[in-house]
Every structure is written in structure tokens, then in C-alpha cells.
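These are the residues of each chain, in order.
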Amino acid sequence: MSLQKDEFWMRVALEAAKEAEQMGEVPIGACLIDENENLISVAGNRTITNCDPTAHAEILVLREAAQKLKNYRLLNTSVYTTIEPCAMCAGALVQARIKRLIFAAHDERFGAVETLFQICNSPNLNHRIEITSGVLAEESRTLIQNFFRRRRLEKQKLAD
């Protein structure tokens with residue numbers, strides 16, 4: 001897929017991240033499209049809202065897509081996410097048999113696709129995912145950094 005199309009879909013994921021932020025969630029968003037570029041699902045983080053540690057944006061788009069497509073195998077689909085998936089999400093992407101993963105910013109603390117682990121293309125697993133990283137990375141990184149900066153300032157004000 002072209003960079004222009006990847007940027008289009010990443011902007012959909014970024015909008016979901018911004019909506020999550022408005023709900024007080026860490027601003028991470030994801031969307032899933034099929035091979036014909038039809039949007040199947042889109043979500044932002046809802047771990048706090050749902051009181052569910054597994055309610056990451058990537059997990060939520062997989063769940064919704066599986067329900068809509070009536071299949072837990074999401075063959076020939078692509079997931080766009082605003083940050084490198086964690087180990088849980090990377091494992092779920094492999095289990096769902098996602099064809100392609102496109103993410104914006106690397107995650108130095110939890111990234112399990114390229115940074116800390118390479119779950120999505122591990123030779124030990126029976127499925128490998130085509131990976132594209134860095135699409136709108138600066139925009140995504142800035143969104144998350146600003147969120148945590150504001151959070152630290154709020155905590156500091158409460159402590160003062």
C-alpha cells in the first residue's frame with residue numbers, strides 16, 4: 001500500500017486516540033481495514049473506562065472486527081495503530097492472523113514488535129505479519145508525550 005494510503009488510515013487511528021484522550025484514557029488509537037480498504041473497526045484505549053487491563057485499542061479493534069466478520073481469523077486485514085503494540089497486543093495480532101501491521105511511534109518501554117521483542121515475525125510462531133513502522137510517528141509521539149506531560153503537571157499541582 002502507498003505511504004499516502006497508510007497516512008490516511010493512520011489519521012483515522014489518530015482521531016480515535018484523540019477521542020480516547022478526551023475520555024481520560026492514554027491516547028492510543030487503532031483501526032482495522034480489509035483487503036479492499038474498507039474500514040471494519042476503529043477504537044481508542046478504554047482500559048480505564050471499561051475497568052479492563054486488556055481494553056487496549058488494538059484488542060478492541062480485533063474483537064469488533066471478529067464479531068462483524070464472524071471469524072476469529074482476520075485474514076487479509078491490516079491494523080493501523082498509533083504506537084508499537086505491547087506483548088499482549090502483538091500476540092493477539094499474530095493469533096488473529098493479521099496480514100499487515102502499520103504503527104506510528106516505537107514504544108521504548110513496552111514495544112513488542114521491533115523495540116523489545118519481535119513477536120509479530122518470530123520464527124518460533126506459525127504466522128508472521130508484514131510490518132511498517134514510523135507512519136506519522138512524530139504526530140503520535142507528540143500526542144502521547146503531551147498527554148503524560150499534562151498528567152505529571154496535574155499531579156505536581158496536587159502535591160503542592
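Preceding this paragraph is the structure being described.
Not measured: the values here are computed from a predicted model.

Reading the values: rules and limits
- Residues numbered from 1 in each chain as written.
- Predicted model: local features only at pLDDT ≥ 70, side-chain atom pairs only at ≥ 80, totals over all residues.
- Heavy atoms only, no water.
- Axes fitted to C-alpha atoms, helices over the stretch in contact; angles between N-to-C directions.
- Helix = DSSP H or I, 4+ residues; strand = E, 2+ residues; numbered from the N terminus.
- Parallel < 35°, antiparallel > 145°, perpendicular 65-115°, else oblique.
- Left-handed = near helix turned anticlockwise from the far one by under 90°.
- Contact = heavy atoms within 4.5 Å.
- Nonpolar A, V, L, I, M, F, W, Y, C, P; charged D, E, K, R; others polar.
- Buried < 20%, exposed > 50% of the residue type's maximum accessible area, 1.4 Å probe, protein only.
- Pairing = 2+ DSSP bridges.
- Right-handed = clockwise from strand over helix to strand, strands pointing away.
- Phe/Tyr/Trp six-rings, centres within 6.5 Å; stacked < 30°, edge-to-face > 60°.

**Points about the packing of helix H2 (residues 57–69) against helix H3 (residues 87–95)**
Look at H2 against H3: their axes get within 9 Å of each other, and the N-to-C directions meet at 25°. Considered as vectors, H2 and H3 are oriented roughly parallel to each other. As H2 packs across H3, the resulting crossing turns out to be left-handed. Taken together, the residues of H3 that come into contact with H2 (itself represented by Glu 58, Ile 59 and Leu 62) are Met 88, Cys 89, Ala 92 and Leu 93. Grouping the constituent residues of the contact of H2 with H3 by class yields six nonpolar, no polar and one charged.

**Quick notes on the environment of Met 88**
Tracing the sequence through the fold places Met 88 in helix H3. With 66 residues separating them in the primary sequence, Met 88 and Glu 154 have C-alpha atoms 30 Å apart. Once residues lying within four places of it in the same chain are set aside, the contact partners of Met 88 are Pro 53, Thr 54, His 56 and Ile 59.

**Here's the deal with the pairing of strand S4 (residues 100–105)**
With six of six residues buried, S4 is to be regarded as a mostly interior element. In terms of strand pairing, strand S3 (residues 78–83) meets S4 through five bridges, oriented parallel. Across the sheet, the residue bridging to Thr 81 is Phe 103, located in S4. In the classification by handedness, the crossover that spans S3, the intervening H3 and the parallel S4 is right-handed. Bridge count for S4 against strand S5 (residues 130–133) is four bridges, and the pairing is parallel. The residue of S5 that forms the bridge with Leu 101 is Ile 131.

**Here's the deal with unusual backbone geometry**
Positioned with a positive phi, Cys 51 is a non-glycine residue whose angle comes to about 50°. Residue position: Cys 51 is located in the loop between strand S2 (39–44) and H2. Even without a glycine there, the phi angle at Lys 70 is positive, about 55°. Considering the arrangement of structural elements, one finds Lys 70 in the loop between H2 and S3. The exposed category is assigned to Lys 70, whose relative accessible area is 73%.

**Section: the packing of aromatic side chains**
Applying the stated criterion to the full structure yields two aromatic pairs. Considering the side-chain rings of Phe 8 and Trp 9, the 4.9 Å spacing of their centres and the 85° angle between planes classify their relative orientation as edge-to-face. Between Phe 147 and Phe 148, the ring centres sit 5.1 Å apart and the planes meet at 80°, which makes this aromatic pair edge-to-face. What makes Phe 148 partly exposed here is its relative accessible area of 31%.

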